[in-house]
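# Architecture at a glance
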Amino acid sequence: MPIKKSHIVILFLLITIFGLILIKYRGQTVPNIQKEVSFEAKLEEISKVWILGIDALSAEEIKKCSDNSISKIFYQCNPEFISCVFEQRKEEGAVVNFQKENKKYKIYSKAYEEKGSWPGYSLWGEIILGQESKKNKEKKEFLLTDECRSLYLPQRVYQYGQSTLKNKWTWDNIDRHIFIDKHVVTNRDINEWIEQTKVNSTEEILFNKESPHLPAEFLKADQMEAFCRYRGKKVLQTQYFDAISYLPFEMDKDRQAQVFQSIVPWSRKEQSIFKVWDKLKREISDKSKDFERVACSKTVSNECLLGEKENAHFRAPSWSGHFMVMGGYLEYIKNNIHPRRNLKASSQFFKRTSPWFRLGERAYWDGDGFSYRNFNWKGEDPLREYKSFGVTFRCMKEQYTYEAL
């Protein structure tokens with residue numbers, strides 16, 4: 001295509017302008033024109049990392065601040081993680097700081113702060129705008145509340161325990177706002193609690209600092225209560241645990257009790273644990289390898305691999321989005337109705353055909369230790385290879401309209 005005269009004129013003008021710029025800055029560094037950063041834009045960036053975790057990061061940042069063998073869920077609303085990310089993100093004229101009171105980050109807890117009107121639990125931070133060489137810097141503080149861990153319990157009529165048509169125990173949360181943690185408390189959570197509050201405990205608080213992503217299994221019942229208070233919550237109670245476990249038979253009928261309850265969280269019909277697994281086998285063409293994989297994806301029992309057992313607390317969501325309400329780890333659930341039925345026993349300590357693998361069935365834990373004598377298995381004992389047992393827990397809260405999260 002022939003070049004037009006107009007094109008030649010434009011090209012000549014561009015070359016001339018560029019030449020004048022070079023003459024003006026000959027022997028000098030061409031100034032780096034900074035885009036203006038606002039508090040609002042920076043806060044939006046921080047919020048994305050806080051809520052989305054590694055899904056908001058570049059590949060290089062993920063490599064530096066996370067472990068790809070750990071569930072993504074672990075990094076959502078995680079103070080350790082977000083402080084690591086913004087140590088890597090160094091932007092001229094905009095600094096995000098989480099360090100306060102000689103700590104890597106600072107948590108404000110309503111249960112521990114003597115002054116101020118705080119949310120139940122929040123991470124403090126500040127944004128500093130302005131060039132490093134200039135004195136007129138601007139600072140703004142912010143608080144990040146944990147919007148990742150808890151899920152809202154839909155308002156409806158629920159049932160408590162394994163009940164028959166003749167013996168129903170129903171309750172409802174109509175006009176009540178209840179939030180329940182999706183997964184059990186981790187070692188990282190316990191380490192944070194201890195470091196942030198210097199909590200006074202008459203007994204040592206036991207947890208595995210080397211495996212922060214794994215569940216905290218060795219707190220006593222009173223220590224569990226104290227941790228949940230730190231988070232502005234309380235230990236989950238049995239009727240709420242049943243609510244997140246049983247799959248509602250008719251989702252649209254939320255003002256009447258269910259006529260029927262299943263024994264597993266993924267079905268509305270089965271009443272025999274043997275029939276549950278027989279049905280699954282019939283649905284799978286390869287009766288051996290595929291069956292084990294699918295069965296362990298639904299509930300983690302003794303038959304599952306070690307990796308599946310360890311990651312159980314971030315797997316198999318129930319109808320309400322709460323993880324591992326059957327199988328995996330033993331879980332303490334406070335029971336004010338029947339105090340001696342306070343332990344979700346379905347776990348890696350039993351075969352999947354054990355009678356404990358039924359929703360609503362609970363053993364007893366005295367809340368004071370982890371050896372065989374601290375439990376009452378009601379004759380349905382764990383496999384003989386186990387001599388001691390860790391117990392996990394999760395928190396909940398009832399949110400009132402006048403409270404901040």
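Residues numbered from 1 in each chain as written. Predicted model: local features only at pLDDT ≥ 70, side-chain atom pairs only at ≥ 80, totals over all residues. Heavy atoms only, no water.

Next up on the list: the side chain of D181. With respect to the helices and strands, the residue D181 is situated in strand β8 (residues 177-181). For D181, a relative accessible area of 2% translates into the label buried. A distance of 2.7 Å separates polar atoms of two side chains, one belonging to D181 and the other to K233. When neighbours within four sequence positions are excluded, D181 is seen to be in contact with R149, S150, K233, H322, R394 and C395. (Helix = DSSP H or I, 4+ residues; strand = E, 2+ residues; numbered from the N terminus. Buried < 20%, exposed > 50% of the residue type's maximum accessible area, 1.4 Å probe, protein only. Polar contact = N/O pair within 3.5 Å; in protein donor to acceptor, adjacent residues only side chain to side chain. Contact = heavy atoms within 4.5 Å.)

All right, on to the sheet that holds strand β5 (residues 150-152) then. In a beta sheet, neighbouring strands pair by backbone hydrogen bonds and run either parallel or antiparallel. As summarised here, the arrangement of the four strands in space is β5-β8-β14-β9, forming an open sheet in which the pairing is antiparallel. Two strands bound the open sheet, and with one partner strand each, they are β5 and β9 (234-235). When β5 meets β8, the two strands line up antiparallel, connected through three bridges. Within β8, the position partnered with L151 by the bridge is I180. (Pairing = 2+ DSSP bridges.)

Turning next to empty space enclosed by the protein. Considering all chains together, one arrives at five cavities of 30 Å³ or more under this definition. The wall of the largest cavity is formed by 13 residues, among which I73, F74, Q76, R149 and H183 lie closest to the centre. For the lining of the largest cavity, a count of residues per class yields five nonpolar, four polar and four charged. (1 Å grid on protein atoms, 1.4 Å probe; cavity = no way out; pocket = protein on both sides within 12 Å on 5 of 7 lines; lining within 4 Å. Points joined across faces, edges and corners; volume = space filled by probe spheres on them. Nonpolar A, V, L, I, M, F, W, Y, C, P; charged D, E, K, R; others polar.)

Once that is clear, we can look at the pattern of salt bridges. Counting across every chain of the model gives 25 salt bridges. Residue E45 pairs with R89 through a salt bridge whose shortest N-O separation is 2.8 Å. Linking E45 in helix α2 (residues 39-52) with R89 in the loop between α4 (79-88) and β1 (94-97), this pair joins segments that are 44 residues apart in sequence. Notably, a salt bridge pairs E61 with R89, separated by 2.6 Å at the nearest N-O pair. With E61 in helix α3 (residues 59-65) and R89 in the loop between α4 and β1, the pair connects residues that are 28 residues apart, well separated along the chain. A single network of salt bridges, built from pairs that share partners, joins D146, R149, R188, D189, E192 and R231. (Salt bridge = Lys/Arg side-chain N within 4 Å of Asp/Glu carboxyl O.)

The subject of this paragraph is the state of the cysteines. Under the counting rule described, the total for this entry stands at four disulfides. Disulfide pairing is shown between C228 and C395; the S-S distance is 2.1 Å. Disulfide C228-C395: torsion about the S-S bond near -80°, hence left-handed. Of this pair, C228 sits in helix α6 (residues 221-230) while C395 sits in strand β14 (residues 395-399), and the two are 167 residues apart along the sequence. Taking relative accessible area as the criterion, C228 reaches 0% and is therefore assigned buried. Looking at the chain, its bonded cysteines, counted consecutively from the start of the sequence, adopt the pairing 1-3, 2-4, 5-8, 6-7. (Disulfide = S-S within 2.5 Å.)

To continue, consider the nonpolar core. Burial of nonpolar side chains together is a common tendency in soluble globular proteins. Ranked by size, the top nonpolar core spans 77 residues in total, and within it F98 and W377 carry the most contacts. With six residues, the top contributor of residues to this core is α6. If you look at the next biggest cluster of nonpolar residues, it comprises 14 residues, including Y158, I180, Y240 and I333. (Core = buried A, V, L, I, M, F, W, Y, C linked by side-chain atoms within 4.5 Å.)

One can describe the packing of α2 onto α4 by two numbers: an axis separation of 9 Å at closest approach and a directional angle of 135°. One way to sum up the angle between α2 and α4 is to call them oblique. Seen from above, α2 lies across α4 with right-handed handedness. Of the residues in α4, those touching α2 at E45, I46, V49 and W50 are P79, F81, I82, V85 and F86. The residue makeup of the contact of α2 with α4, split by class, is eight nonpolar, no polar and one charged. (Axes fitted to C-alpha atoms, helices over the stretch in contact; angles between N-to-C directions. Parallel < 35°, antiparallel > 145°, perpendicular 65-115°, else oblique. Left-handed = near helix turned anticlockwise from the far one by under 90°.)

All we've got here are geometric facts, nothing functional implied.
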